[in-house]
Amino acid sequence: MPLTAGIVGMPNVGKSTLFNAITNSQVEAANYPFATIKPNTGVVEVPDARLDYLCKLYEPLKRVAATFEFTDIAGLVKGASKGEGLGNQFLANIRETDAICHVVRCFSDSNILHVDGSVNAIRDAETINLELIFADLETVENRISKIEKKATTSKDKAALEELGLLKTIKETLLSNKPCRSIEFSKEQALIVKSFHLLTNKPMIYVANMGENDLTNFDENKEYLALKKKAEEENASIIPICAKIEEQLASLDADERQLFMEEFQMDESGLSKLIKATYKLLGLETFYTSGKDECRAWTFKRGMKAPQCAGIIHTDFERGFIKAEIYNYNDLIQYGSESAVKDNGKYRLEGKEYLMKDGDIAFFKFNV
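Now for a quick tour of the structure. (Residues numbered from 1 in each chain as written. Predicted model: local features only at pLDDT ≥ 70, side-chain atom pairs only at ≥ 80, totals over all residues. Heavy atoms only, no water.)

A word on the overall build of the protein chain
- Check the secondary structure of the protein chain and you find 13 helices and 12 strands.
- Of all 367 residues assigned to the protein chain, the portion counted as buried reaches 48%.
- Across the protein chain, the fraction of contacts at a sequence separation of at least 24, relative to all contacts at a separation of at least 6, is 68%.
- With the model as given, the accessible surface of the protein chain reaches about 18700 Å², and the carbon-plus-sulfur share is 49%. (Helix = DSSP H or I, 4+ residues; strand = E, 2+ residues; numbered from the N terminus. Buried < 20%, exposed > 50% of the residue type's maximum accessible area, 1.4 Å probe, protein only. Contact = heavy atoms within 4.5 Å. Areas by Shrake-Rupley, 256 points an atom, 1.4 Å probe, with all protein chains shown as cover.)

Here we look at the nonpolar core
- F68, F70 and L226 are the most contacted members of the largest nonpolar core, which totals 70 residues.
- Among the elements that take part in this core, helix α9 (residues 269-281) stands out by supplying six residues, more than any other.
- When sequence neighbours within four positions are dropped, the list of residues in contact with L226 reads V104, C106, A121, I122, A125, Y205, A207 and I237. (Core = buried A, V, L, I, M, F, W, Y, C linked by side-chain atoms within 4.5 Å.)

So, helix α10 (residues 305-312)
- Looking at α10, one finds that the buried residues are A305, P306, C308, A309 and G310.
- Close packing links the buried residues of α10 with β8 (283-288), β9 (293-300), α11 (314-318), β10 (320-327) and β12 (359-365).

Examining the packing of aromatic side chains
- As enumerated under the stated definition, the model contains 11 aromatic pairs in all.
- Relative to Y346, the ring of Y326 has its centre 5.4 Å away and its plane inclined at 25 degrees; by these criteria the two rings are stacked. One end of the pair, Y326, is in strand β10; the other, Y346, is in the loop between α13 (337-342) and β11 (347-349), with 20 residues separating them in the sequence.
- Overall, Y326 belongs to the buried group, its relative accessible area being 3%.
- Counting every residue linked through ring pairs, the aromatic cluster contains F286, W297, F299, F320 and F363.
- The aromatic ring of Y346 is capped on one face by K341, whose charged end is 4.7 Å from the ring centroid. (Phe/Tyr/Trp six-rings, centres within 6.5 Å; stacked < 30°, edge-to-face > 60°. Lys NZ or Arg CZ within 6 Å of the ring centre and 35° of its normal.)

A word on the environment of E141
- Position of E141 among the secondary structure elements: in helix α3 (residues 121-154).
- Of the residues examined, E141 reaches a relative accessible area of 35% and is grouped as partly exposed.

Quick look at the sheet that holds strand β2 (residues 40-45)
- Spatially, the six strands line up as an open sheet ordered β2-β4-β1-β5-β6-β7, and their pairing is mixed. For this open sheet the edge positions go to β2 and β7 (236-240), each flanked by a neighbour on one side alone. Averaged over neighbouring strand pairs, the angle between their axes works out to 25 degrees when direction is ignored.
- Across five bridges, the pairing between strand β1 (residues 3-8) and strand β4 (residues 67-72) is parallel. What sits directly across from L3, in β4, is F68. (Pairing = 2+ DSSP bridges. Axes fitted to C-alpha atoms, helices over the stretch in contact; angles between N-to-C directions.)

Brief notes about the packing of helix α7 (residues 242-249) against helix α8 (residues 253-262)
- Two elements in contact, α7 and α8, have axes whose closest approach is 9 Å; the angle formed by their N-to-C orientations is 155 degrees. In terms of axis orientation, α7 runs roughly antiparallel to α8. Contact with α7, carried on its side by I244, Q247, L248 and A249, involves R256, F259 and M260 of α8 and no other residues of that element. (Parallel < 35°, antiparallel > 145°, perpendicular 65-115°, else oblique.)

Spelled out as structure tokens, the structure:
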């Protein structure tokens, strides 16, 4: 299954335009609130120069990139959690995503309506953040009402622990702070994860800029204000121009390169967004490569070799024997797999080996 991110924001901030760029699809991106009524879901390949190199080297029959799934929901307005606009029914569509991309409008355009009549990045960001908090508050209060009696009468240890966590989260939400601002133990984090709270998810601010801002982000007052807010929240922020990204997505590789050079872009905003999301979630990539297939696999930093083998197939983890490992950096340095072996960089690793970003692996197993 691909990793998933939900795209949220006010109406007309560029969410659907960004989604078009992400998936190279053509969902409706109309100039009026609530143009997106049903959630749109699309899967995009993760840009990966290392996989491209492996494919050039091995010339496989098949190339398989890691993927990321994005869900774009209807624009949220003040009171969405209580049913305003199209209501909070759309928030349910992103409750099980891995992260949230919060798109905030930082450009002015008299031809594109704003639901509140003016562009104000901080106001818009706070509106969405509060609606996510209110939605979570409702979830937490409903759960407390279901479990409180059982916990207090039966003195069930698990129920009491859950009730304590819920009350802590409720107090935090009532202070207009997200659930992710609370420090949980590993055991507590597992319990909290089962609540699928929106404000417990890692969040990236996506500052949607105008075309004229591409080469001078730091002269945009709305972006600077949003950047300061992100820093105060210890959150990531990626400045992009969704309109430009949409155009880039429609071009072939050569045209895209020329277009990016014209706008002085070293890489696309989409690529930066995906990289930032990977970093935020603590994700890395290992590879399997050969004449049949070169494939990128996503894993969580800190996973051991058998767990990564299990990503490919559960039998690989269950019957794990050892892993033949070398790293992409060594391949680049020595130029070929045989040269990597000759220089002692091709290793056999056991069950305790911690996989590293860029590892190229061949797993041996027996079931």
